[in-house]
Every structure is written in structure tokens, then in C-alpha cells.
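Survey of secondary and tertiary structure
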Amino acid sequence: MSTMTLTRQDARLEAALGQSITALIANQARADAKTARVLDTHRALVAAETAVSFQCVRLINVATARRRVDDAVLDELDAQLEKLEEAAEERDVLEADLVRLLQAREEEVKRKATEAAPAPVPVTVPPASARCR
């Protein structure tokens, strides 16, 4: 089992699915199709977060190298910054997909809870004047 890095949506995912990410991944083979799709999207988001971190470190390494700044270094910085931007854009698309799936799941849970709730029973309370006699 792989270790999952944190995303901004982890707590929301756990709340929407009612289990920890570790438990969800361990039980993914038994998950329904909707839950499996959420977990697959989360896994892709984790990979994208890792790619962003990797590209950020590479940019830092290029920027902090002890060498004369010339056109070649500036070109390398531009190229690395572009890779970082692409990785961040991909991550943002995957995060939006996950949020959309989680919203659908939360709405489904809310709808089921509303349907399962018993109808309110009207309660009649006698007026205070009738109770005090």
C-alpha cells in the first residue's frame, strides 16, 4: 500500500465517505463504483501534488545553483517555471474534479438523511391557563 501525501481535500473526503483515507484504500476492492471513482481521483490528485512539489524543488535547485547568471541560466529558469505552471494547472483540474465528486456525494448523503428522517409529529400543548388550575 502506498503512503498518501496530504491534499487540501483529505479531511473533506474522509467526512464525505465516513472513513479514513487509509481505511478507504485498504477496502477499495470492496468499494462501490462511486467511491472507487472518488478514490481514483484522489490518487491522481496526490500524484499531481507530488509532481508540483518535485517541480518546485527543481526550480529552487536551478535558482540557487552557484554559477554566473547568464542567458542559459535564465532560459533554464524559464523552462523550469513553465514545467511548474503545467504541473500546478493539472493539479488544479484534478482538485476541481475531486471537489465536484465530493459535492455530489455530500448531496446524496444529505438527501438520504432527509428521506430517512421520520415525519415530524405535531405536538399540542395546552394553554398555560389550563395547566395552572
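**A word on the overall build of the protein**
Along the protein, the regular secondary structure elements total five helices and zero strands. Secondary structure of the protein in N-to-C order comes out as α-α-α-α-α. Against the 2.2 N^0.38 benchmark of 14 Å for 133 residues, the protein shows a C-alpha radius of gyration of 26 Å, more extended than a compact globule. Projecting the C-alpha coordinates of the protein onto the three principal axes gives extents of approximately 95 × 40 × 20 Å. Of all 133 residues assigned to the protein, the portion counted as buried reaches 29%. Relative to all contacts within the protein whose residues are 6 or more apart in sequence, the contacts with residues 24 or more apart total 67%.

**Observations regarding the packing of helix 3 (residues 33-64) against helix 4 (residues 71-116)**
Put simply, helix 3 and helix 4 touch, their axes get as near as 8 Å, and they point 160° apart. Compared by their axis directions, helix 3 and helix 4 come out roughly antiparallel. Taken as a pair, helix 3 and helix 4 cross one another with a handedness that is left-handed. Residue classes in the contact of helix 3 with helix 4 are distributed as 19 nonpolar, five polar and 12 charged.

**Describing the confidence of the model for the protein**
On average, the protein scores 89 in pLDDT, and the residues at 70 or more come to 90%. Per-element confidence in the protein is highest for helix 3, whose mean pLDDT is 95, and lowest for helix 5 (residues 128-131), whose mean pLDDT is 64.

**Things to note about helix 3**
With 32 residues, helix 3 should reach 46 Å at 1.5 Å per residue; the first-to-last C-alpha distance of 47 Å fits that figure. You can read the cap of helix 3 off the contacts: a side-chain oxygen lies 3.0 Å from the backbone nitrogen of lysine 34, and it is on aspartate 32.

**Details of helix 4**
A rise of 1.5 Å per residue sets the reference length of helix 4, with its 46 residues, at 68 Å; its end C-alpha atoms lie 67 Å apart and thus fit the reference within 8%. Its side-chain oxygen 3.2 Å from the backbone nitrogen of alanine 72, aspartate 70 forms the N-cap of helix 4.

**Some words on a negative patch on the surface**
A contiguous patch of negative charge, built from Asp70, Asp71, Asp75, Asp78, Glu82, Glu85, Glu86 and Glu89, is present on the exposed surface. With respect to the helices and strands, glutamate 89 occurs in helix 4. On the accessibility criterion, glutamate 89 (51% relative accessible area) is exposed.

**Some details on the nonpolar core**
Leu13, Leu17, Leu24, Val38, Leu98 and Leu102 are the most contacted members of the largest nonpolar core, which totals 14 residues. Other than its neighbours up to four places away in sequence, valine 38 contacts Leu13, Leu17, Leu98, Leu101 and Leu102. Listed in part, the five residues of the second largest apolar core include Val52, Leu59, Leu84 and Ala88.

**Overview of the environment of glutamate 107**
By secondary structure assignment, the location of glutamate 107 is in helix 4. Of the residues examined, glutamate 107 reaches a relative accessible area of 58% and is grouped as exposed.

**Quick word on the environment of alanine 31**
Along the chain, alanine 31 turns up in the loop between helix 2 (21-26) and helix 3. The sequence separation of alanine 31 and valine 93 amounts to 62 residues, and the corresponding C-alpha distance is 24 Å.

Calculation rules
- Residues numbered from 1 in each chain as written.
- Predicted model: local features only at pLDDT ≥ 70, side-chain atom pairs only at ≥ 80, totals over all residues.
- Heavy atoms only, no water.
- Helix = DSSP H or I, 4+ residues; strand = E, 2+ residues; numbered from the N terminus.
- Rg over C-alpha atoms; globule rule 2.2 N^0.38 Å.
- Buried < 20%, exposed > 50% of the residue type's maximum accessible area, 1.4 Å probe, protein only.
- Contact = heavy atoms within 4.5 Å.
- Axes fitted to C-alpha atoms, helices over the stretch in contact; angles between N-to-C directions.
- Parallel < 35°, antiparallel > 145°, perpendicular 65-115°, else oblique.
- Left-handed = near helix turned anticlockwise from the far one by under 90°.
- Nonpolar A, V, L, I, M, F, W, Y, C, P; charged D, E, K, R; others polar.
- pLDDT = per-residue confidence, 0-100.
- Expected span 1.5 Å × (residues − 1).
- Polar contact = N/O pair within 3.5 Å; in protein donor to acceptor, adjacent residues only side chain to side chain.
- Patch = residues over 30% accessible without salt bridge, like charges linked within 9 Å, V, L, I, M, F, W, Y side chains within 5 Å.
- Areas by Shrake-Rupley, 256 points an atom, 1.4 Å probe, with all protein chains shown as cover.
- Salt bridge = Lys/Arg side-chain N within 4 Å of Asp/Glu carboxyl O.
- Lys, Arg positive; Asp, Glu negative; His and termini not counted.
- Charge placed at Lys NZ, Arg CZ, Asp CG, Glu CD.
- Core = buried A, V, L, I, M, F, W, Y, C linked by side-chain atoms within 4.5 Å.

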